[in-house]
Amino acid sequence: MASLNSVSLVLVISSCFAIAFGGNFHQDFDITWGDGRAKILNNGELLTLSLDKTSGSGFQSKNEYLFGKIDMLLKLVPGNSAGTVTAYYLSSQGQTHDEIDFEFLGNLSGDPYILHTNVFGQGKGNREQQFYLWFDPTADFHTYSILWNPQRIIFSVDGTPIREFKNSESLGVAYPKNQPMRIYSSLWNADDWATRGGLVKTDWNQAPFIASYRNFNANACVSSSSSCTQSSTSSSSNSWLNEELDSTSQERLKWVQKNYMIYNYCSDSKRFSQGFPPECSINTTE
């Protein structure tokens, strides 16, 4: 017999219907902080965040989403970006919030960025995986995507999956499924931890630091007080709702995790000396 939660979930999802938006930053986002350091340019087609010694900046989506596929093109801070963090994530609010994170940890010129990922369910995170990228993320725009459906969360870069987090509720692990989330992004100074554990500090002579965004696309359920409406900035269907990795995508995921993953909490036996978290048993590419 289906649980009340699963029945409610089906009812919410089944009430989705398609609405097309233009993918314009003026329409889809609000600048939330930075005192003028965040700018929407080119008739809403480009957004830039800036960081200097006084302040960083950030923005958030006007809509809240409950499941969907979110794409954004980012070009990260070039040159000596040590100490800076560019965060791009989905999150609800409160102590028991859900969250799906991309964070880009800056580095000295010539050293690679670290892409940090995390998933929170009911306020519990500590599920970090970190990667190097196989390209220079400061030279051009690249697409960073989050697929979030009731079965899994897939992080992708330029269409290549780098991480899959499967629904492990059967193992007692909270999964993001009931709390609508906004999209947030910010550029801020974190030189107490971001680069080599805080050993390398931000060089303010390089400021302002600038990250750029374009081509936002959400094929997703927009949450309202009573139902969920499918928002799409393209003509694509709601196939994301049941999407999973096919055999080719699974091989690409294994390639990334073998060659570019630099930290996986599910392999950190020193940190989890009493045993790995239960979801680790099903979130493996082996």
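Nothing here was measured: the structure is a model prediction, and the numbers come from that model.

J.: Is there a simple way to think about the packing of aromatic side chains in this case?
T.: The relation between two aromatic rings is expressed through the spacing of the ring centres and the mutual angle of the planes. Tallying each qualifying case throughout the model produces 20 aromatic pairs. Considering the side-chain rings of F25 and F29, the 5.6 Å spacing of their centres and the 40 degrees angle between planes classify their relative orientation as tilted. For F25, a relative accessible area of 1% gives the class buried. Its relative accessible area of 3% is what places F29 among the buried residues. By way of ring pairs, the aromatic residues F25, F29, F59, Y213 and F216 are connected into one cluster. Across the ring face of F141, the terminal group of R214 is positioned such that the distance to the ring centre comes to 4.3 Å.

J.: Please explain the UniProt feature "active site" (unreviewed entry) in the chain as it appears in this structure.
T.: This chain's UniProt record puts "active site" (unreviewed entry) on E99 and E103. Residue classification places E99 among the buried positions, given a relative accessible area of 13%. Of note is the side chain of E99, whose polar atom sits 2.8 Å from the side chain of H97. Here E103 falls in the buried class, since its relative accessible area comes to 14%. For E103, the residues in contact, after removing those within four places along its chain, are V85, T86, A87, I114, L115, H116, W188 and W193.

J.: In this structure, what is going on with the state of the cysteines? I would like to understand it.
T.: Disulfides are covalent bonds that link the sulfur atoms of two cysteine residues. Here the structure, examined in full by the defined rule, presents one disulfide. With a sulfur-sulfur separation of 1.9 Å, C266 is cross-linked through a disulfide to C280. Around the S-S axis, the bridge from C266 to C280 shows a dihedral of about -80 degrees and counts as left-handed. Highlighted residues: C266 in the segment after β17 (261–264) and C280 in the segment after β17, separated in sequence by 14 residues. The same class applies to C266 as to C280, namely buried.

J.: Quick question: what am I supposed to make of the pattern of salt bridges here?
T.: Between side chains of opposite charge, a pair can form as their charged atoms come close. All told, the structure shown has nine salt bridges when counted by the stated rule. The partner of D71 in a salt bridge is K69, and the shortest N-O contact between them spans 2.9 Å. The exposure class of D71 is buried, given its relative accessible area of 13%.

J.: Could you clarify how one ought to interpret the sheet that holds strand β7 (residues 84–91) in this entry?
T.: By way of backbone hydrogen bonds, the strands of a sheet pair with one another, either parallel or antiparallel. What the eight strands build is an open sheet, ordered β2-β5-β14-β7-β8-β9-β10-β17; its pairing is antiparallel. Each edge of the open sheet carries a strand with a single partner, namely β2 (29–33) and β17. The sheet shows a mean angle of 15 degrees between the axes of neighbouring strands, taken without regard to direction. Note that β7 and strand β8 (residues 99–105) share seven bridges and pair antiparallel. Looking at the pairing, L90 lines up with I100 of β8.

J.: Which parts of the structure should I look at to understand the side chain of T160?
T.: One can find T160 in strand β13 (residues 160–166). Among the polar contacts made by the side chain of T160, one reaches the side chain of R252 at a distance of 2.8 Å. Non-local contacts of T160, meaning those with residues more than four positions away in its chain, are made with W134, F155, R252 and V256.

J.: What exactly am I supposed to notice about the environment of K39 here?
T.: Residue placement: K39 occurs in strand β3 (residues 39–41). Note on K39: relative accessible area 42%, which makes it partly exposed. Taking the C-alpha atoms as reference points, K39 and F25, 14 residues apart in sequence, are found 10.0 Å from one another. When sequence neighbours within four positions are dropped, the list of residues in contact with K39 reads I31, L46, L47 and T48.

J.: It is not clear to me how the environment of D140 should be interpreted in this structure. Could you clarify?
T.: Among the structural elements, D140 can be located in the loop between β10 (129–131) and β11 (142–148). Separated by 72 residues in the primary sequence, D140 and S212 place their C-alpha atoms 9.7 Å from one another. Excluding its chain neighbours within four sequence positions, the residues that come into contact with D140 are L74 and K75.

How each quantity is defined
- Residues numbered from 1 in each chain as written.
- Predicted model: local features only at pLDDT ≥ 70, side-chain atom pairs only at ≥ 80, totals over all residues.
- Heavy atoms only, no water.
- Phe/Tyr/Trp six-rings, centres within 6.5 Å; stacked < 30°, edge-to-face > 60°.
- Buried < 20%, exposed > 50% of the residue type's maximum accessible area, 1.4 Å probe, protein only.
- Lys NZ or Arg CZ within 6 Å of the ring centre and 35° of its normal.
- UniProt positions renumbered as here; feature names shortened; annotations may be inferred.
- Polar contact = N/O pair within 3.5 Å; in protein donor to acceptor, adjacent residues only side chain to side chain.
- Contact = heavy atoms within 4.5 Å.
- Disulfide = S-S within 2.5 Å.
- Helix = DSSP H or I, 4+ residues; strand = E, 2+ residues; numbered from the N terminus.
- Salt bridge = Lys/Arg side-chain N within 4 Å of Asp/Glu carboxyl O.
- Pairing = 2+ DSSP bridges.
- Axes fitted to C-alpha atoms, helices over the stretch in contact; angles between N-to-C directions.

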